[in-house]
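Descriptive structure summary
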Amino acid sequence: MSTGMRWRTATAAVTTTLAATLGLGLMSPVAQAAAHGPCYDGRCKVTVSRPTSIKVDSHRFGFGKLRITHISSRSVKMAATTTGGARLSGSTSPGGTVRLNNLSIGVRSVSGHKAKLVLSS
């Protein structure tokens, strides 16, 4: 077997293994989290300007979507529904923090209808 043939065989084997690993969902946790969004692991800084949903890891936090339901200059309201069906909600003014299960949502500032949030676990 020539060197070129060995190289092609080795490259094909690595490519096939990589494709199978990605196809079967055996990616690293970091790669999986990135595929779901920047806040999936519960650590991010995000600016929201209207009611929206932020996807988080339901196994880690007990709910899969953090919903920002209202933004005003005086408060930010948020809610989530747990995987068991319980409803969680909270509200805080700029500078405050709300904790839903083991996810902390800090409201750093609000300007007009834009809120800067920091999620941490």
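In the block above lies the structure referred to throughout.
Overview of the structure. Keep in mind that what you see is a predicted model, and the values were worked out from it rather than measured.

About the thresholds
- Residues numbered from 1 in each chain as written.
- Predicted model: local features only at pLDDT ≥ 70, side-chain atom pairs only at ≥ 80, totals over all residues.
- Heavy atoms only, no water.
- Helix = DSSP H or I, 4+ residues; strand = E, 2+ residues; numbered from the N terminus.
- Disulfide = S-S within 2.5 Å.
- Buried < 20%, exposed > 50% of the residue type's maximum accessible area, 1.4 Å probe, protein only.
- Pairing = 2+ DSSP bridges.
- Axes fitted to C-alpha atoms, helices over the stretch in contact; angles between N-to-C directions.
- Patch = residues over 30% accessible without salt bridge, like charges linked within 9 Å, V, L, I, M, F, W, Y side chains within 5 Å.
- Areas by Shrake-Rupley, 256 points an atom, 1.4 Å probe, with all protein chains shown as cover.
- Salt bridge = Lys/Arg side-chain N within 4 Å of Asp/Glu carboxyl O.
- Lys, Arg positive; Asp, Glu negative; His and termini not counted.
- Charge placed at Lys NZ, Arg CZ, Asp CG, Glu CD.

Moving on, we come to unusual backbone geometry. Here the phi dihedral of Asn 101 falls at roughly 55°; this positive angle occurs in a residue that is not glycine. Considering the arrangement of structural elements, one finds Asn 101 in the loop between β6 (97-100) and β7 (103-111).

This brings us to the state of the cysteines. Here the structure, examined in full by the defined rule, presents 1 disulfide. Across the disulfide from Cys 39 sits Cys 44; the S-S distance is 1.9 Å. Linking Cys 39 and Cys 44, the disulfide has an S-S dihedral of approximately 90° and is accordingly described as right-handed. In this structure, Cys 39 and Cys 44 share a single accessibility class: buried.

The strands making up a sheet associate through hydrogen bonds between their backbones, and the pairing can be parallel or antiparallel. Across the sheet, 4 strands lie side by side as β1-β8-β7-β6; this open sheet has antiparallel pairing. Because the sheet does not close on itself, it has two edges, and the strands there are β1 (44-48) and β6. Sheet twist, expressed as the mean angle between neighbouring strand axes with direction ignored, is 25°. Of the pairings in the sheet, the one linking β1 to strand β8 (residues 114-120) comprises 5 bridges and is antiparallel in character. Within the sheet, the bridge partner assigned to Val 46 lies in β8 and is Leu 117.

A grouping of Lys 55, Lys 65, Arg 67 and Arg 87 is seen on the molecular surface, where their side chains present a positively charged patch. Here Lys 55 is to be found in strand β2 (residues 52-55). Residue Lys 55 is classed as partly exposed on the basis of its relative accessible area of 43%.

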